[in-house]
Amino acid sequence: MSKIKICGLFRVCDALYVNEAKPDFVGFVFANSRRKIDEKLAFGFRKVLSYEIRTVGVFVNEDIEFIEN
């Protein structure tokens, strides 16, 4: 069965829309990109997102300690 991931949330309204779409995963971009967010914003989005939606991170050459946090 296929899974759906929406990636690159950047605004709170994006997170609210994702709750309506109900994908399997939401991706937060931590790699250099115009969609890059910091961990504080990611934690804020996580609080807004439905508990049923799993979150993942997009990283490029990042320290393992940062990824684990």
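Definitions and cut-offs
- Along every chain, residues carry numbers that run from 1 in the direction the sequence is written.
- Only residues with pLDDT of at least 70 are given local features in this predicted model, and only at 80 or more are side-chain atom pairs given and counted; all residues enter the totals for whole chains, interfaces and linings.
- Working from all heavy atoms in the structure, the side-chain values ignore hydrogens and water.
- The way it works is that DSSP assigns letters per residue, a run of H or I at least four long becomes a helix, a run of E at least two long becomes a strand, and they are numbered from the N terminus.
- Every radius of gyration here is taken over C-alpha atoms, with the globule rule written as 2.2 Å times N^0.38, N being the number of residues.
- Note on classification: 1.4 Å probe, protein chains only; a residue is buried when its accessible area is under 20% of the maximum for its type, exposed when over 50%, partly exposed between these limits.
- Whether two residues are in contact is decided by their heavy atoms, any of which lying within 4.5 Å being enough.
- Per-residue and other accessible areas were derived by the Shrake-Rupley procedure at a 1.4 Å probe size, with only the shown protein chains allowed to occlude residues.
- Charge counting follows a simple rule: Lys and Arg are positive, Asp and Glu are negative, and His as well as the terminal groups are ignored.
- Throughout, a charge is located at the NZ atom of Lys, the CZ atom of Arg, the CG atom of Asp or the CD atom of Glu.
- Every case where a carboxyl oxygen of Asp or Glu lies within 4 Å of a side-chain nitrogen of Lys or Arg is listed as a salt bridge.
- Side-chain rings of Phe, Tyr and Trp, where Trp is taken by its six-membered ring, are said to pair if the distance between their centres is within 6.5 Å; with planes under 30 degrees apart they count as stacked, over 60 as edge-to-face, and otherwise as tilted.

What about the overall build of the protein?
In terms of helices and strands, the protein carries three helices and three strands. Taken from N to C terminus, the helices and strands of the protein fall in the order β-α-β-α-β-α. Since a compact globule built from 69 residues should have a radius of gyration of about 11 Å, the 12 Å found for the protein is in line with a globular shape. Taken over the C-alpha atoms alone, the protein extends approximately 35 × 30 × 20 Å along its principal axes. Each of the 69 residues in the protein was classed as buried or not, and the buried ones make up 28%. In the protein, once contacts between residues fewer than 6 apart in sequence are set aside, the share between residues at least 24 apart is 52%. Counting every atom, the protein has about 5,200 Å² of accessible surface; 53% of that belongs to carbon and sulfur. Across the protein, the centroid of the 11 positively charged side chains sits 7 Å from that of the 10 negatively charged ones.

Quick notes on the pattern of salt bridges
Following the criterion strictly, the structure yields one salt bridge and no others. Between Asp 14 and Arg 11 there is a salt bridge, with its nearest N and O atoms 2.8 Å apart.

Here's the deal with the packing of aromatic side chains
Using the criterion set out here, one finds four aromatic pairs in the structure. Ring geometry for Phe 30 against Phe 66: centres 5.8 Å apart, planes inclined by 85°, an arrangement best described as edge-to-face. Note that Phe 30 is positioned in the loop between β2 (25-29) and α2 (39-48) and Phe 66 in helix α3 (residues 64-68), a separation of 36 residues in sequence. Assessed through its relative accessible area of 26%, Phe 66 is described here as partly exposed. Ring geometry for Phe 59 against Phe 66: centres 6.1 Å apart, planes inclined by 85°, an arrangement best described as edge-to-face. Classification of Phe 59 by relative accessible area gives partly exposed; the value is 27%. One aromatic cluster is present, built from ring pairs that chain together Phe 30, Phe 59 and Phe 66.

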